Amino acid sequence: MSVKENFENAKAQYEKWGVSVEDVFQKLKQVPISIHCWQGDDIGGFEETDQELSGGIEVTGNYPGKATTPEELRSDLEKALSLIPGKHKINLHAIYAETDGKFVDRNELEPQHFEKWVNWAKEHGLGLDFNPTLFSHPKAKDGFTLAHPDKEVRDFWIQHCIQSRKIGAYFGEELGQPALTNIWIPDGYKDIPSDRLTPRKRLKESLDEIFAADVDETLNVDAVESKLFGIGSEAYVVGSHEFYMGYALKNNKLCLLDTGHYHPTEMVSNKISAMLLFNDRIALHVSRPVRWDSDHVIILDDELREIGLEIVRNDALDKVMIGLDFFDASINRVAAWTIGTRNMIKSLLYALLMPNDHLKKLQEEGNFTDRLALLEEFKTYPFGAIWDYYCEQMGVPVQEKWLDEVKEYERNVLSKRNS
């Protein structure tokens, strides 16, 4: 049967539960995923220095074809976007500034250093998000930035974050949609600290100074991101979940939950509904931890489906800002973007196709038998046929056909780099 015939048969099965597939498609089209640029060049950036990656971040693998210039990175992103349904955003780090061969330190970055990114985003109908880069820098080499004991170091990073918020507002003004500017720092101790409070006081004071700078909140949305531990900060991280959850609530900032930044037994999907009760909005960085924060390409596993369900069943598609954060240098990088982003969208589609109101009613009535039975039966409903038709309607390859395009791009473009 054709994609259309498979779709019509599948559609009938979902519609018997009162699910309007056309309405589902309309909702899904409106959800932008913030696709991280750093998958394409292994978090290298384009600074006029040879600073090595630091901050407890590891990228493994040496698959050929890594982007080494802004033009190459944008070309690779364009290829990935052509294989992903919908209109999305691109998430930049400060290290992706373009300074025309001049050294500009991070505390001196200006909107003009991202003008080419903005022009490119306008051309392709994209939004942009932003992150100050508080790692891979001489002033971060001892593992502390905003919580550093040295005020001079703190001041450097405070100014960098203020400049980053201004760059985010520039994105928002130029592109007609707010930018999310997210602060994550690597600060912490490898071994058991004798004082946990003082570094957190310094971090709070630094954040207060950063957010005191006047930046239009309709153009730039501020977020703070926690972490449980990192390489070099195994025993203690200053910016813990509890710290940032409290800070975000008290200061009307978004709390960003990275799916790799928690204990392996914690599920971020289980946090979403609790956070939404006390926050107007939250943000996500979706990655796949394998025993630790290893940032594997996300797959359509149980947790990703559950994240999609928690967003959809709680009517939070406009309350959860979804970004991605994985990096794998052992496989084709364009394929990594495509696999991960398509899977994030699949999880939302899967959730939108569920009879969520009926399932909620069963739970409220105490009918746990029917609830469990239906949740399990829907796992083998013809979701794939709906996804294939959605891709076809959105003008992107159906099923694994996208892989042929990536292989052709590798032969014609990626394989010729650095040769």
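Everything that follows concerns the structure shown earlier in this document.
Conventions used here
Residues numbered from 1 in each chain as written. Predicted model: local features only at pLDDT ≥ 70, side-chain atom pairs only at ≥ 80, totals over all residues. Heavy atoms only, no water. Helix = DSSP H or I, 4+ residues; strand = E, 2+ residues; numbered from the N terminus. Rg over C-alpha atoms; globule rule 2.2 N^0.38 Å. Buried < 20%, exposed > 50% of the residue type's maximum accessible area, 1.4 Å probe, protein only. Contact = heavy atoms within 4.5 Å. Areas by Shrake-Rupley, 256 points an atom, 1.4 Å probe, with all protein chains shown as cover. Lys, Arg positive; Asp, Glu negative; His and termini not counted. Charge placed at Lys NZ, Arg CZ, Asp CG, Glu CD. Phe/Tyr/Trp six-rings, centres within 6.5 Å; stacked < 30°, edge-to-face > 60°. Arc of directions from axis to C-beta. Pairing = 2+ DSSP bridges. Core = buried A, V, L, I, M, F, W, Y, C linked by side-chain atoms within 4.5 Å. Salt bridge = Lys/Arg side-chain N within 4 Å of Asp/Glu carboxyl O. Polar contact = N/O pair within 3.5 Å; in protein donor to acceptor, adjacent residues only side chain to side chain. Patch = residues over 30% accessible without salt bridge, like charges linked within 9 Å, V, L, I, M, F, W, Y side chains within 5 Å. 1 Å grid on protein atoms, 1.4 Å probe; cavity = no way out; pocket = protein on both sides within 12 Å on 5 of 7 lines; lining within 4 Å. Points joined across faces, edges and corners; volume = space filled by probe spheres on them.

Next up on the list: the overall build of the protein chain. Secondary structure summary: the protein chain contains 14 helices and 10 strands in total. Taken against the 2.2 N^0.38 rule, which gives 22 Å for 419 residues, the C-alpha radius of gyration of the protein chain at 22 Å falls within 12% of a compact globule. If you line up the protein chain on its principal axes, its C-alpha atoms span 65 × 55 × 40 Å. Split into buried and exposed, the 419 residues of the protein chain put 56% on the buried side. In the protein chain, of all internal contacts separated by at least 6 residues, the share reaching a separation of at least 24 is 80%. In the structure as shown, the protein chain presents an accessible area of about 18700 Å², 48% of it carried by carbon and sulfur atoms. Charge separation in the protein chain, taken as the distance between the mean sites of 48 positive and 70 negative side-chain charges, equals 1 Å.

A few words on the packing of aromatic side chains. For the coordinates displayed, the defined rule picks out 23 aromatic pairs. Each ring, one from F7 and one from Y389, has its centre 3.9 Å from the other, and the planes form 15 degrees; the classification is stacked. Linking F7 in helix α1 (residues 3-15) with Y389 in helix α13 (residues 383-393), this pair joins segments that are 382 residues apart in sequence. Between the aromatic rings of F25 and Y390, the centroid separation amounts to 5.1 Å while the plane-to-plane angle is 45 degrees, which identifies the pairing as tilted. Linking F25 in helix α2 (residues 21-29) with Y390 in helix α13, this pair joins segments that are 365 residues apart in sequence.

Further remarks concern the environment of G188. Within the fold, G188 resides in strand β5 (residues 188-189). Residue classification places G188 among the buried residues on the basis of a relative accessible area of 8%. Separated by 47 residues in the primary sequence, G188 and A235 place their C-alpha atoms 7.8 Å from one another. In this structure, G188 is in contact with G143, F144, G232, S233, Y236, V237 and V238, ignoring residues within four places of it in sequence.

Attention now moves to helix α7 (residues 241-251). When we look at burial in α7, the residues that qualify are H241, F243, Y244, Y247 and A248. End-on, the buried residues of α7 take up no more than an arc of 160 degrees, which puts them together on one face. Turned more than 90 degrees away from the buried face of α7, the exposed residues are E242 and K250. In this fold, the buried residues of α7 make contact with α6 (197-212), β6 (220-225), β8 (254-258) and α8 (269-278). Backbone geometry just after α7 places N252 at a positive phi near 60 degrees.

Inspection of the secondary structure assignment puts M354 in the loop between α10 (333-352) and α11 (356-364). Overall, M354 belongs to the buried group, its relative accessible area being 5%. Residues M354 and F278, 76 residues apart in the sequence, show an inter-C-alpha distance of 26 Å. Leave out the neighbours within four places in its chain, and M354 touches V19, L309, L359, L375 and F378.

What follows covers the pairing of β8. With five of its five residues buried, β8 lies for the most part within the structure. Neither face of β8 is open: one carries L254, L256 and D258, the other C255 and L257, and all of them are buried. Relative to strand β9 (residues 282-286), β8 runs parallel, the two sharing three bridges. By the bridge assignment, L256 is partnered in β9 with A283.

One finds I90, L146, F171, L207 and M344 to be the most contacted residues of the largest nonpolar core, which totals 124 residues. Ranked by residues supplied to this core, first place goes to α10 with 11 residues. Contact partners of L207, with chain neighbours within four places excluded, come to L146, I183, V224, F243, Y244 and Y247. Listed in part, the seven residues of the second largest apolar core include A223, L254, A283 and M321.

Within the secondary structure layout, E303 lies in helix α9 (residues 302-313). This buried residue, E303, is left without a salt bridge; K271 holds the nearest opposite charge, at 9.0 Å. Here the side chain of E303 touches V268 through a polar contact of 3.2 Å, landing on its backbone nitrogen. Non-local contacts of E303, meaning those with residues more than four positions away in its chain, are made with M267, V268 and S269.

A positive phi is found at D100, a non-glycine position, where the angle reads about 55 degrees. Accessibility expressed as a relative area gives 64% for D100, which makes it exposed.

Here we come to a nonpolar patch on the surface. There is a patch of nonpolar side chains on the surface, built from L249, L277 and F278 and spanning about 370 Å² of accessible area. Within the fold, L249 resides in helix α7.

Per the counting criterion, the structure on display carries four cavities of 30 Å³ or more. One number sums up the size of the second largest cavity: a volume of about 60 Å³. Looking at the second largest cavity, the residues that line it are F46, E47, E48, A94, A97, T99, K102, F103, V104 and L109.

This brings us to α11. Among all positions in α11, only N356, L359 and L362 are buried. Along α11, the residues classed as buried sweep out an arc of 120 degrees about the axis, all on the same side. Seen from the open side of α11, the exposed residues pointing more than 90 degrees away from its buried face are D357 and E364. Buried-residue contacts for α11 involve α9, α10 and α12 (368-377).

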